[in-house]
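Here is how the chains run, residue by residue.
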Amino acid sequence: MTLSFDPKDVSLPIGHFIGDRLVSAKGAIQMHRPSDGQAYADCPVADSDIVDQAVQTAKNALKSSNWDGIRPRERLRLLHRWADLIEQDAVNLAQLEAVSSTRPVGQLVDGDIAVSIEQIRFFAEFADKESSALVPTDDGSLGMIMSEPYGVVGAITPWNFPINMAAWKLGPALAAGNAVVLKPSEMTPFSSIRLAELALQAGLPAGLINVVLGDGMTTGNAITSHPDIAKVSFTGSTRAGSAIMENIARSGIKPMTLELGGKSPQVVFADADLDRAAAAITASIISNAGQACVAGSRLIVENSCVEPLVEAILRGMADIKPRFTWDAASQYSPIISERQRQRIADIVRRTVAAGAECLTGGDFMDAPGYFYAPTLLAGVDEDSPAVIDEVFGPVLTIQTFEDEEEAMTLADHPSYGLAAGLFTRDLSRAIRLTRRLQAGTVWVNRYGRSRDHILPTGGYKQSGIGKDLGREAFQSNRKSKSVLISL
Ligand code: NAD
């Protein structure tokens, strides 16, 4: 069976999903398909009244369903049942995702969707395994640390891996006993709505997942400042993360998890397996056309091996074909919007004007959609726009070093610290430098996440606060209460 489809045949769920139904709403933001640039739908924008309705629905659902009080194994069973239904609906979900987003349909069923299912199952397993603790206290008293859910969690997600980002937020929050009001990106809301529909079909209490559509300024602000949202979990740009912190500080203090931008280095020593390094580096910047928070966008390479490494990367970047995301043969993603494509072009233009040499790419691709060619920029320095700014596109810069000290100085970005790659066969050096790299994740002789969801992900510096995935994501969806009982 081919996964290719005609986007006109896909029926899009448009509206806010509140309680047990899709509430239709008038569209306010015109949406364009990244693959062909066609306007195809209008996304509604939930104002503070609609957000309040979603929050009250979530609160009532928690109360009437006793979601945190029911047997933990029942919570676990329902979450697994939800994962089963997502699995059965994978082709439909893949179409909803491929129409609106940059994700090629051929990479969704066994990729993003399969991973999201695994992650929901991973978090479901915590429901009956994490417990409160008895702690040593004075004679004559009993000390306990009780763990409790927050209540209603406000989740806000970006457009680059929509279904996966929703799973990162919904899985741990629900397993930990919370209800969620989720705002997906206004450019890619459909798979999140479908997830909520499937949760209901799976038997999760109505109102546990509510999805409100809209932009950051109106809907996002209404979520982060709502007094009954007890915790905010956000993934997106550092700029928006900073606006959210400000909004939360102004409207009432609440905990937040912020998964933000990155500008991750890939440090390659001459003793590395260069073919393997080149393959990992190329895949990292080509995957989703570089629109990944952990895209390894700064190549930092030892002088003596620049030539063979760059040649191998150039080979990997050649012959990339732009195709519609709904074509099963598509391997390369378009850029999410024309505005973002222009921004990428502007950063490349300014970097070249400042003296960089463009070894390949540096231009739009000959296709109807918003495609930008894989681009390699040499002759940059630490102040070049493409080295400093998160491009969020298929643009890789090359800097060179003589020794470890220089490599570490170049790797250290002034504000970002999300991930880093290190390629060397010298084990002592790998461990020594892993300790020095200022990043929330370090990959050695590989680049990119595995399907080991126990490894948390999150940033150092302005790349974020707190973690998604891993045990930490579950725990960050619960608060602790200290109890002391006199005996
Ligand atoms: P964005 O910050 O523009 O938007 C992300 C989400 O936040 C959207 O839903 C948007 O509507 C909302 N938003 C924007 N401003 C807001 C505000 N003031 N208040 C509340 N909500 C607001 O980011 P994007 O362009 O959608 O996504 C790309 C960014 O996301 C990149 O910077 C990327 O690095 C980052 N990202 C980080 C991770 C991670 O795990 N660290 C993962 C994926 C993406």
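Source: prediction; values computed, not measured.

## What to know about the pattern of salt bridges
Then comes step 1: Applying the stated criterion across every chain yields a total of 30 salt bridges.
Then comes step 2: With a shortest N-O distance of 2.8 Å, Arg33 and Asp36 are connected by a salt bridge.
Then comes step 3: The exposure class assigned to Arg33 is buried, which follows from its relative accessible area of 11%.
Then comes step 4: Asp89 is the partner of Arg194 in a salt bridge, and the nearest nitrogen-oxygen pair spans 2.9 Å. Note that Arg194 is positioned in helix α6 (residues 190–201) and Asp89 in the loop between α2 (72–88) and α3 (90–100), a separation of 105 residues in sequence. Neither Arg194 nor Asp89 differs from the other in exposure class; each is buried.
Then comes step 5: Connected via shared salt-bridge partners are Arg73, Glu125, Asp128 and Lys129.

## Looking at the UniProt feature "active site" (unreviewed entry) in the protein chain
Then comes step 1: When the UniProt feature table is mapped onto this chain, "active site" (unreviewed entry) is found at Glu259.
Then comes step 2: With respect to the helices, strands and loops of the structure, Glu259 is situated in strand β11 (residues 256–259).
Then comes step 3: For Glu259, a relative accessible area of 4% translates into the label buried.
Then comes step 4: Beyond its immediate stretch of four places on either side in the chain, Glu259 contacts Lys169, Phe234, Thr235, Gly236, Thr457, Gly458, Gly459, Ser463, Gly466, Lys467 and Asp468.

## Focus on the packing of helix α9 (residues 274–286) against helix α10 (residues 306–317)
Between two packed helices, both the angle of their axes relative to each other and the distance between the axes serve to describe the pair.
Then comes step 1: At a minimum axis separation of 9 Å, α9 and α10 run at an interaxial angle of 45 degrees. Classified by the angle their axes make, α9 and α10 are oblique. Once α9 is placed against α10, the crossing between them reads as right-handed. Touching Leu274, Ala277, Ala278, Ile281, Thr282, Ile285 and Ile286 of α9 are Pro308, Leu309, Ala312, Ile313, Gly316 and Met317, all from α10.
Then comes step 2: Each residue belonging to the contact of α9 with α10 can be placed in one class, and the counts come to eleven nonpolar, two polar and no charged.

## A closer look at the sheet that holds strand β16 (residues 395–401)
Then comes step 1: With mixed pairing, the seven strands of this open sheet are ordered in space as β14-β15-β16-β13-β12-β18-β19. Taken across any chain shown, the strands that pair with only one partner, and hence form the sheet edges, are β14 (357–360) and β19 (441–444). Sheet twist, expressed as the average angle between the axes of neighbouring strands with direction ignored, equals 25 degrees.
Then comes step 2: Seen against the sheet, α9 touches β12 (265–268), β13 (298–302), β16 and β18 (419–423) and runs at an angle of roughly 170 degrees to β12.

## Some thoughts on the UniProt feature "domain: Aldehyde dehydrogenase" (unreviewed entry) in the protein chain
Then comes step 1: The sites that UniProt annotates as "domain: Aldehyde dehydrogenase" (unreviewed entry) are residues 27–483.
Then comes step 2: The distance separating the terminal C-alpha atoms of residues 27–483 is 50 Å; by composition the span is 40% helix and 20% strand.

## Side note on the site of the ligand
Then comes step 1: Within the structure, the ligand sits among 29 residues, and Lys183, Glu186, Ser237, Leu260 and Glu390 are positioned closest to it.
Then comes step 2: Between Trp159 and the ligand, the recorded distance is 2.8 Å, taken from a side-chain N or O atom to an oxygen atom.
Then comes step 3: A distance of 3.4 Å separates an oxygen atom of the ligand from a polar backbone atom of Gly236.
Then comes step 4: In the complex, the protein chains occlude 92% of the 840 Å² of accessible area that the ligand would expose alone.
Then comes step 5: Mapped by element, the contributors of at least two residues to the shell around the ligand are α5 (162–175), α7 (216–224), β10 (231–235) and α8 (238–251).

## Considerations on the layout of surface pockets
Then comes step 1: If you add up the space inside the largest pocket, you get close to 1500 Å³.
Then comes step 2: Taken together, 46 residues make up the lining of the largest pocket; nearest its centre are Trp159, Glu186, Met187, Ser237 and Arg239.
Then comes step 3: For the lining of the largest pocket, the secondary-structure elements that each account for two or more residues are β3 (27–32), α7, β10, α8 and α11 (338–353).
Then comes step 4: Ranked by the residues each element gives to the lining of the largest pocket, the list is headed by α8, at six residues.
Then comes step 5: Of the residues that constitute the lining of the largest pocket, the class distribution is 18 nonpolar, 18 polar and ten charged.

## Points about the pairing of strand β6 (residues 141–149)
Then comes step 1: Of the pairings in the sheet, the one linking strand β5 (residues 133–135) to β6 comprises three bridges and is antiparallel in character. Note on β6: the bridge partner recorded for Ala133 is Ile145.
Then comes step 2: Here β5 folds back onto β6 in antiparallel fashion, the turn holding five residues, of which Gly140 has a positive phi close to 85 degrees.
Then comes step 3: In this sheet, strand β22 (residues 478–486) lies alongside β6 in antiparallel orientation, the contact comprising nine bridges. Pairing of Pro149 across the sheet is with Arg478, part of β22.

The rules we used
- The residue numbering used here restarts from 1 in each chain and proceeds along that chain's sequence as written.
- Owing to the predicted nature of the model, reporting of local features is limited to residues with pLDDT of at least 70; listing and counting of side-chain atom pairs is limited to 80 or more, with chain, interface and lining totals taken over all residues.
- Hydrogens and waters are ignored; side-chain quantities use all the structure's heavy atoms.
- For this analysis, a salt bridge means a side-chain nitrogen from Lys or Arg found within 4 Å of a carboxyl oxygen belonging to Asp or Glu.
- Burial here depends on accessible area, computed with a 1.4 Å probe over protein chains only, as a share of the maximum for the residue type. Under 20% is buried, over 50% is exposed, and the range in between is partly exposed.
- Going along the chain from the N terminus, every DSSP run of H or I of four or more residues is numbered as a helix, and every run of E of two or more is numbered as a strand.
- UniProt positions are given in the numbering used here, feature names are shortened, and annotations may be inferred rather than shown by experiment.
- Between two residues, a contact is recorded if the distance between any of their heavy atoms is within 4.5 Å.
- Lines fitted to C-alpha atoms define the axes, with helix axes restricted to the stretch in contact, and inter-axis angles between N-to-C directions lie between 0 and 180 degrees.
- Roughly parallel refers to an angle under 35 degrees, roughly antiparallel to one over 145, roughly perpendicular to one between 65 and 115, and oblique to any angle outside these ranges.
- Each helix crossing is assigned a hand: it is left-handed if the near helix lies turned anticlockwise from the far helix by less than a right angle, otherwise right-handed if that turn is clockwise.
- Under this grouping Gly is polar, as are all residues other than the nonpolar Ala, Val, Leu, Ile, Met, Phe, Trp, Tyr, Cys and Pro and the charged Asp, Glu, Lys and Arg.
- When DSSP finds two or more bridges between a pair of strands, those strands are recorded as paired.
- It suffices for a single heavy atom of a residue to lie within 4 Å of a molecule or strand for the residue to be listed as near it.
- Pairs of N or O atoms within 3.5 Å make up the polar contacts considered here, provided that, within protein, one atom can donate a hydrogen while the other can accept it, and that residues adjacent in sequence are counted only when both atoms are side-chain atoms.
- Note on areas: Shrake-Rupley, 1.4 Å probe, and residue coverage restricted to the protein chains presented here.
- Each cavity reported here is a set of points on a 1 Å grid over the protein atoms alone in which a 1.4 Å probe fits but cannot get out, each pocket an open set with protein on both sides within 12 Å along at least five of seven lines, and each lining residue one with an atom within 4 Å of a point.
- Grid points are joined across faces, edges and corners, and a volume is the space filled by probe spheres set on the points.

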